[in-house]
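Structural description and commentary
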Amino acid sequence: MPELPEVQTVVTTLAPRVLRRRIVRVVHLRGDMVTAPPELDLARQLAGRKITGLARRGKRIVFSIDDDNAFFIHLGMTGRLSVEPTDAPLANHTHLILDLGKDAGRAPEQLRFRDPRRFGEIRWLGCDGCDQNMGPEPLAMRTAQLAEKLSRTTRAIKNALMDQRVVAGLGNIYVDESLFDARIHPLARADKLSSEQVAALTKSIKRVLNRAIHHRGSTLRDYVDANGKAGAFQRLHRAYDREGKPCPRCKTPIERIIVGGRSTHFCPSCQPLRGRRRPPRRTSASTSTSAAG
DNA sequence: GTCCATGTTCTTTA
DNA sequence: CTAAAGAACATGGA
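Residues numbered from 1 in each chain as written. Chains lettered and ligands numbered in written order. Predicted model: local features only at pLDDT ≥ 70, side-chain atom pairs only at ≥ 80, totals over all residues. Heavy atoms only, no water.

Section: the domain arrangement of chain A
Assigned domains within chain A: domain 1 (4–126) and domain 2 (143–275). Centre-to-centre separation of domain 1 and domain 2, based on C-alpha positions: 30 Å. Taken residue by residue, the interface counts 17 residues in domain 1 and 18 residues in domain 2. Of the roughly 1500 Å² buried where domain 1 meets domain 2, counting both sides, 61% is carbon and sulfur surface. Taken together, the links from domain 1 to domain 2 amount to 0 salt bridges. The interface formed by domain 1 and domain 2 holds 8 residue pairs in polar contact (both at pLDDT 80 or more) in total. For the side of domain 1 that touches domain 2, the secondary-structure elements that each account for two or more residues are α1 (4–18) and β6 (80–85). Of the residues assigned to the side of domain 1 that touches domain 2, the class counts are 6 nonpolar, 6 polar and 5 charged. (Domains from an automatic or database assignment. Contact = heavy atoms within 4.5 Å. Buried area = accessible area lost by both parts, 1.4 Å probe. Salt bridge = Lys/Arg side-chain N within 4 Å of Asp/Glu carboxyl O. Polar contact = N/O pair within 3.5 Å; in protein donor to acceptor, adjacent residues only side chain to side chain. Helix = DSSP H or I, 4+ residues; strand = E, 2+ residues; numbered from the N terminus. Nonpolar A, V, L, I, M, F, W, Y, C, P; charged D, E, K, R; others polar.)

Rendered as structure tokens:
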């Protein structure tokens, strides 16, 4: 579920529930969801610490704690974070439970992380987070940054934008929506986009993400924010999951193809593929490609 | 039983 | 090295 707008919404809704609260103890921690140095006991590291910061980086939710260490939770496909009374019934597939310090006059609460599909992750960052392999934040990105990244790859733009090293935070929904908004075909070669197209794409990514955040993300199946509330942006999707439905701009039916193994939705009329990826070769293979050189 | 899914990473192949 | 294709991870819904 969670791409940048959903993760941002979780951070926004979770922050007031956990910031400046103490992790009294780690009640439950499923070890195989954790990435950390083998000698590090995450439960021991967290016990007694105060949560001093909550932020989003790409699709990661970064928790800062009062000893200057940090860890992040990645929600994967089905991860959810919630703050619930300690006596609230425990959902299946809960992999992390933190007892939070009591607030005056309130029932004791727990921060809970559940993830049925277990594609999520809890990763220890220590005191210097590792950002090296992550692309720029799309909402703060300049056209030149995106252009530089795209100039270095011959892949289809759809594949390039799905790569978190190119841009951090986009996923299948928002790549399709951004390409639709920018009128760029998903199979267009990343390094062959014009500078005007890259500029338009940069703006479209920001426009789409900001709108999605404004509507608290997209709920297709089971995404909810930290308060259990679903998003509303799925109603405003213009391409994603709209195969066969009329393009909101020109009424041409939206097409679905598979790119990089993922469903990809676009308007064949609004998003023309100008430069063909392969030269059309009608004659059978009489010309050798390896002869030259 | 089948196919598909909002994510990431690894392997194989070219 | 680049990158495409496929599989893998684990679960649930249609």
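Structure's up, so let's keep going.
Some remarks on the sheet that holds strand β4 (residues 60–65)
Within a sheet, neighbouring strands are paired by backbone hydrogen bonds and run either parallel or antiparallel to one another. Read across the sheet, 5 strands follow the order β2-β9-β5-β4-β3 without closing on themselves; strand pairing throughout is mixed. With partners counted over all chains shown, the strands left at the sheet margins are β2 (34–35) and β3 (51–57), one partner each. Set on the sheet, α1 makes contact with β3 and β4; between it and β3 the angle comes to about 170°. (Pairing = 2+ DSSP bridges. Axes fitted to C-alpha atoms, helices over the stretch in contact; angles between N-to-C directions.)

Points about the sheet that holds β6
Pairing is antiparallel across the open sheet formed by 4 strands, whose spatial order is β1-β7-β8-β6. Only two strands of the sheet have a single neighbouring strand rather than two, namely β1 (23–29) and β6. Looking at each pair of strands side by side, their axes are set apart by 20° on average, direction ignored. As paired elements, β6 and strand β8 (residues 109–114) share 6 bridges and run antiparallel to each other. Along β8, the bridge assignment pairs Leu81 with Phe113. The sheet strands contacting α1 are β6, β7 (94–100) and β8, and the helix crosses β6 at an angle near 30°.

Looking at the protein's contact with DNA strand C
Around DNA strand C, the structure places His93, Pro116, Arg117, Arg118, Phe119, Thr153, Thr154, Arg155, Asn159 and Arg221. A distance of 2.7 Å is found between a base nitrogen of DNA strand C and a side-chain nitrogen or oxygen belonging to Arg117. The separation between a phosphate oxygen of DNA strand C and a polar side-chain atom of Thr153 is 3.2 Å. Taken together, the residues that form the surface near DNA strand C break down as 2 nonpolar, 4 polar and 4 charged. (Near = heavy atom within 4 Å.)

Quick notes on the pattern of salt bridges
The full count for this structure, using the stated rule, is 21 salt bridges. Close ionic contact of Asp66 with Arg49 constitutes a salt bridge, the shortest N to O distance being 2.5 Å. Of this pair, Asp66 sits in the loop between β4 and β5 (70–74) while Arg49 sits in the loop between α2 (42–46) and β3; the two residues are 17 residues apart in sequence, bridging distant segments of the chain. For Asp66, a relative accessible area of 32% corresponds to the partly exposed category. Between Arg238 and Asp181 there is a salt bridge; the shortest N-O distance is 2.3 Å. Linking Arg238 in the loop between α6 (195–214) and β10 (255–259) with Asp181 in helix α5 (residues 172–182), this pair joins segments that are 57 residues apart in sequence. The exposure class of Asp181 is buried, given its relative accessible area of 11%. Look at the salt bridges and you will find they share partners, linking Arg17, Arg21, Arg106 and Glu109 into a network. (Buried < 20%, exposed > 50% of the residue type's maximum accessible area, 1.4 Å probe, protein only.)

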